[in-house]
Amino acid sequence: MPPNTTPPPRKTPETLRSARWFAPDDLRSFGHRSRLMQLGYSETDFMGKPVIGILNTWSELNSCHSHFRERAQDVKRGVLQAGGFPVELPALSVDESFTKPTSMLYRNLLAMETEEQIRSHPLDGVVLMGGCDKTTPALVMGALSAGVPFIYLPAGPMLRGNFAGRVLGSGSDAWKYWDERRAGNISDDEWQGLQGGIARSAGVCMTMGTASTMTAITDAMGLTMPGASSIPAVDSGHKRMGSDCGRRIVEMVWEDLTPDRIVTPASVQNAATVAMATGCSTNAVVHLIAMARRAGVALTLDDLDALGRTTPLIANVRPSGSDYLMEDFYYAGGLRALMAQLAVRLDLSCLTVSGQTLGEALEGAQVHNDDVIRPLSNPVYAEGSLAVLRGNLCPDGAVIKPAACEAKYHVHEGPALVFDSYPEMKKAVDDENLDVTPDHVMVLRNAGPLGGPGFPEWGMLPIPKALIRQGHRDMLRISDARMSGTSYGACVLHVAPEAHVGGPLALLRTGDIVRLDLPARRLDMLVDEAELEARRAALPPPEPRFERGWGWMFSKHVTQADQGCDFDFLTREFGRAAGEPDIF
């Protein structure tokens, strides 16, 4: 048995964490027991039983989680069957669609809320209910810092979109058909039909966007019931998985199976390898680094690039794949089948929340459609999903998704067309007389963690209408922003340091020649150093984006993209965790 799986002594009712709230014969415990009785519970309902928190990110504005009210009941059923006491707590929903300027501005807020909810309440174990993009890393980051046993329950992908006999993919087809509408090729009625047909059920985006990427990463890391990330949200198997989570978390409490025994350097490497093989979202870079570092694993951009060079992409799921969606991926065998294909590249001794090693959890996994989940000998793309660039435009790194852009842009040189804000860029791209060619390199800056503010998903810059009318649908684009995991194209993202803090992107001017050399992992502006120094000396100080509140706190403490955008004071290196609360 590997060292990290050596089990500690089993918990007893007396050693449960919640016993500090309920067991002592004193006035404070009298008050705690009395308040539960006020809610209609008897002592037999909760005394001596694991108290299981169900952190639910349901919201009426989060369509990805619209089934979570019902799913929480499935979890409770499982907890009760296993002899635990379930309590549901609301958590910040951080929905992707409606939260502006970007949900990324609030990822760390949910992480803080998760950690403090767990620490401050009498919870022995937790089921984390999330799925929409930032909820997965946020919930996991907070729970890793809190340190109690937990299981992640992924929302699951929605059903395939459909309109007029066409299968539609979340995000990817929105961008595609929007360009066609801008070109004048889609009528108002067709646009309304697409709008109603692209999202037909509860669940997250059914392309391999950020949501499905992050739930797959969490699954591969060992934090979900094995294979849970692939189950469609409205499949009956998703209900059964919810009850499985409820039953299993109770046993995890008795086993004292804490996350530090699951999230290790080896399990993080497994998660990163699986991410590369799935055609993951570029956002995986930021979130996986932040999650790993909460667990004390010093994952870097260079680590991810090394995996990207050697891990073949074997999930033929859009947008990196060409034909299939997450529903197809599930029917083809799901993540367990993909990991079985990758078994020779994974550490199968890693422990999972199921109590099994990863190898044991993958036993019997089969691929049912080898065009959806390819063998290593027939990948969609020979290298992995992501590449990390360096150069005088991005000394601390930038990322690109090679499989999701045309090969002709892998080595490209052209004049920059620079925009300092999204409104400036949007006005220009809608100008049919804009002086632009397919060789131009569009650049948007001041869209990073501090400049955005919040690191918005603006990086898939719209193709200028002047080029759309000529039939062009891609060009090289560079920004210090992120982009949706459902996006595609020749987009260089996460340029670090960002322009707002004086990164080299702030020095670039329209007309400067930019060179991308993807095989060499280089991104440079062909401007001599003396000129760059003169420009740097003339840079005005940035205007603060916030003067009070959460935004001010975010601006003071968020790290750059290459560091995961966590708050500096939440990292392990900053100081010890607070420990258990005083109860007097």
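Residues numbered from 1 in each chain as written. Predicted model: local features only at pLDDT ≥ 70, side-chain atom pairs only at ≥ 80, totals over all residues. Heavy atoms only, no water.

Caption draft 1: Quick peek at the overall build of the protein. Regarding its fold elements, the protein presents 20 helices and 14 strands. What you see for the protein is a C-alpha radius of gyration of 24 Å, in line with the 25 Å of a compact globule of 584 residues. Residues classed as buried in the protein amount to 59% of the 584 residues present. For the protein, restricting intrachain contacts to residue pairs at least 6 apart in sequence, the fraction spanning at least 24 positions comes to 77%. For the protein, the exposed surface amounts to about 22200 Å²; the carbon and sulfur share of it is 52%. The averaged location of the 70 negative side-chain charges in the protein is 3 Å from the averaged location of its 56 positive side-chain charges. (Helix = DSSP H or I, 4+ residues; strand = E, 2+ residues; numbered from the N terminus. Rg over C-alpha atoms; globule rule 2.2 N^0.38 Å. Buried < 20%, exposed > 50% of the residue type's maximum accessible area, 1.4 Å probe, protein only. Contact = heavy atoms within 4.5 Å. Areas by Shrake-Rupley, 256 points an atom, 1.4 Å probe, with all protein chains shown as cover. Lys, Arg positive; Asp, Glu negative; His and termini not counted. Charge placed at Lys NZ, Arg CZ, Asp CG, Glu CD.)

Caption draft 2: A look at the sheet that holds strand β4 (residues 150–154). Taking strand neighbours across the sheet as the criterion, the 4 strands line up as β2-β1-β3-β4 in an open arrangement whose pairing is parallel. Only two strands of the sheet have a single partner each, and these edge strands are β2 (85–90) and β4. Strand-to-strand twist across the sheet, computed as the mean angle between neighbouring axes with direction ignored, equals 20°. In this sheet, β4 lies alongside strand β3 (residues 125–130) in parallel orientation, the contact comprising 5 bridges. Residue M129 lies in a different strand from β4, and its bridge partner there is L153. (Pairing = 2+ DSSP bridges. Axes fitted to C-alpha atoms, helices over the stretch in contact; angles between N-to-C directions.)

Caption draft 3: Spotlight on helix α5 (residues 107–120). For α5, which comprises 14 residues, the first-to-last C-alpha distance of 20 Å matches the rise-based estimate of 20 Å (1.5 Å per residue) to within 8%. Of all the residues in α5, the buried ones are R107, N108, L110, A111, T114, E115, Q117, I118 and R119. (Expected span 1.5 Å × (residues − 1).)

Caption draft 4: Quick peek at the sheet that holds strand β14 (residues 522–525). Reading across from one edge, β7-β8-β12-β11-β10-β9-β13-β14 is the order of the 8 strands in this open sheet, with mixed pairing throughout. One side of each edge strand has no neighbouring strand; the edge strands of this open sheet are β7 (387–389) and β14. For this sheet the average axis-to-axis angle between neighbouring strands, irrespective of direction, equals 30°.

Caption draft 5: Geometry of the nonpolar core. Formed by 111 residues in total, the largest nonpolar core has its most connected members in I217, M221, F329 and L338. Apart from residues lying up to four places away in sequence, M221 is in contact with I262, V263, S267, V268, A271, L288 and M291. One finds A183, I400, A416 and M442 within the second-largest nonpolar core, a separate group that totals 47 residues. (Core = buried A, V, L, I, M, F, W, Y, C linked by side-chain atoms within 4.5 Å.)

Caption draft 6: Seen up close, the packing of aromatic side chains. Applying the stated criterion across every chain, the model contains 9 aromatic pairs. Plain terms: the ring middles of F46 and F85 are 6.0 Å apart, the flat faces sit at 50° to each other, and that makes the pair tilted. Pair noted here: F46 is in helix α3 (residues 43–46) and F85 is in strand β2, with a separation of 39 residues, a long-range link. Here F46 matches F85 in class, with each residue buried. Ring centres of Y330 and Y331 lie 5.9 Å apart, and the angle between their planes is 50°; on these two criteria the pair is classed as tilted. Owing to a relative accessible area of 25%, Y330 belongs among the partly exposed residues under this scheme. (Phe/Tyr/Trp six-rings, centres within 6.5 Å; stacked < 30°, edge-to-face > 60°.)

Caption draft 7: Fine view of the side chain of N62. Along the chain, N62 falls in the loop between β1 (51–56) and α4 (68–81). Under the relative-accessibility criterion, N62 is labelled buried at 2%. From its side chain, N62 meets the backbone nitrogen of C64 in a polar contact 3.2 Å long. A polar contact is formed between the side chain of N62 and the side chain of S93, at a distance of 2.9 Å. (Polar contact = N/O pair within 3.5 Å; in protein donor to acceptor, adjacent residues only side chain to side chain.)

Caption draft 8: Structural context of the pattern of salt bridges. Under the criterion given, the structure shown has 41 salt bridges. Taking the shortest distance from any N to any O, the salt bridge between E457 and K134 comes out at 3.7 Å. In this pair, E457 sits in the loop between β10 (441–444) and α18 (465–468) while K134 sits in the loop between β3 and α6 (135–146), placing the two residues 323 residues apart along the sequence. A salt bridge links D566 to R294, with the shortest nitrogen-to-oxygen separation between them at 2.7 Å. Residue D566 is located in the segment after α20 (549–557), and its partner R294 is located in helix α12 (residues 283–294); the two are separated by 272 residues in the primary sequence. In this structure, D566 and R294 share a single accessibility class: buried. (Salt bridge = Lys/Arg side-chain N within 4 Å of Asp/Glu carboxyl O.)

Caption draft 9: Layout of the environment of G414. For G414, the location among the structural elements is in strand β9 (residues 411–419). Overall, G414 belongs to the buried group, its relative accessible area being 3%. Along the chain, G414 and R28 lie 386 residues apart, while their C-alpha atoms are 70 Å from each other. Apart from the residues within four sequence positions on either side, G414 is in contact with D439, V441, D512, I513 and V514.

Caption draft 10: View of the state of the cysteines. Applying the stated criterion across every chain yields a total of 0 disulfides. Free cysteine: C64, not disulfide-bonded; nearest cysteine sulfur from C132 at 3.7 Å. Of the residues examined, C64 reaches a relative accessible area of 10% and is grouped as buried. The closest cysteine sulfur to the non-disulfide-bonded C205 is located on C64, 5.8 Å from its own sulfur. (Disulfide = S-S within 2.5 Å.)

Caption draft 11: Expanded view of the pairing of β10. Residues V441 and V443 line one face of β10 and the alternating positions M442 and L444 line the opposite face, and both faces are buried. In this structure, β9 lies alongside β10, joined through 4 bridges in parallel fashion. Considered in β10, the bridge of A416 is made with V441. Looking at chain direction, β10 and strand β11 (residues 477–479) are connected through 3 bridges and run parallel. Its bridge partner lying in β11, V443 is registered against I478.

Caption draft 12: Geometry of the environment of H287. With respect to the helices, strands and loops of the structure, H287 is situated in helix α12. Residue H287 is classed as buried on the basis of its relative accessible area of 1%. For the pair H287 and A561, spaced 274 residues apart in sequence, the C-alpha to C-alpha distance is 9.5 Å.

Caption draft 13: Looking closely at the pairing of strand β12 (residues 491–496). With 6 of its 6 residues buried, β12 lies for the most part within the structure. In this sheet, β12 lies alongside strand β8 (residues 397–400) in antiparallel orientation, the contact comprising 2 bridges. From the neighbouring strand, V399 faces β12, where its bridge partner is L493.

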